[in-house]
Amino acid sequence: MKKDNIIQIKSYNFAIRIVKLYKHLSQEKKEFVLSKQLLRSGTSIGANIEEAIGGQSRKDFFAKLSIAYKEARESHYWIRLLKDTDFLTQQESESLLKDIEEILKIIGSIQKTIRNTNS
């Protein structure tokens, strides 16, 4: 992993947090449905970033980046839902929401840059 690729690093670290959260929610809280959805979308962000980096073309890069953005939006939703159904504390959810909002801003900024250079 390149040490200066901030979105690659942040999405990977977020995926680690999500895997640990899934383990906690399934083992401690016996919550399997919402946490599984978050596990899928939260780990998919980084996987799609990785695919984008290895993309065959600019178009391929942008397509994978767009999928990563959608997965990040979905993760944002599941975190809020887990908080509002009392599976996550306010403090836990705030930290996760801060991370995912930062990831959304970075991906959105990369998408905007690509759109502007293509026009």
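Quantities reported herein were computed from a predicted structural model and do not represent experimental measurements.

Visitor: Break down the side chain of Glu 71 for me, citing the residues and quoting the values.
Guide: For Glu 71, the position within the fold is in helix α3 (residues 58-84). If near-sequence neighbours (up to four positions away) are discounted, Glu 71 is found in contact with Arg 40, Ser 41, Ser 44, Ile 45 and Asn 48.

Visitor: Can you lay out the pattern of salt bridges for me, pointing to particular residues and giving the numbers?
Guide: Between side chains of opposite charge, pairing is possible as soon as their charged atoms come close. Inspection of every chain in the model, using the stated rule, returns six salt bridges. Put simply, Glu 74 and Arg 40 hold a salt bridge, and the shortest N to O gap is 2.6 Å. Taken together, the residues span a long stretch of sequence, with Glu 74 in helix α3 and Arg 40 in helix α2 (residues 33-53) at a distance of 34 residues. Of the residues examined, Arg 40 reaches a relative accessible area of 40% and is grouped as partly exposed.

Visitor: Outline the side chain of Ser 41, listing residues and values.
Guide: With respect to the element layout, Ser 41 can be found in helix α2. Not counting residues within four places of it along the chain, the set of residues in contact with Ser 41 comprises Glu 71, Glu 74, Ser 75 and Trp 78.

Visitor: A description of the packing of α3 against helix α4 (residues 90-118) should follow, citing residues and the corresponding values.
Guide: Here α3 crosses α4 at 160°, and the two axes come no closer than 9 Å. Accordingly, the angle class assigned to the pair α3 and α4 is roughly antiparallel. Where α3 crosses over α4, the handedness of that crossing is left-handed. Taken together, the residues that form the contact of α3 with α4 break down as 15 nonpolar, nine polar and six charged.

Reading guide: rules and limits
- Residues numbered from 1 in each chain as written.
- Predicted model: local features only at pLDDT ≥ 70, side-chain atom pairs only at ≥ 80, totals over all residues.
- Heavy atoms only, no water.
- Helix = DSSP H or I, 4+ residues; strand = E, 2+ residues; numbered from the N terminus.
- Contact = heavy atoms within 4.5 Å.
- Salt bridge = Lys/Arg side-chain N within 4 Å of Asp/Glu carboxyl O.
- Buried < 20%, exposed > 50% of the residue type's maximum accessible area, 1.4 Å probe, protein only.
- Axes fitted to C-alpha atoms, helices over the stretch in contact; angles between N-to-C directions.
- Parallel < 35°, antiparallel > 145°, perpendicular 65-115°, else oblique.
- Left-handed = near helix turned anticlockwise from the far one by under 90°.
- Nonpolar A, V, L, I, M, F, W, Y, C, P; charged D, E, K, R; others polar.

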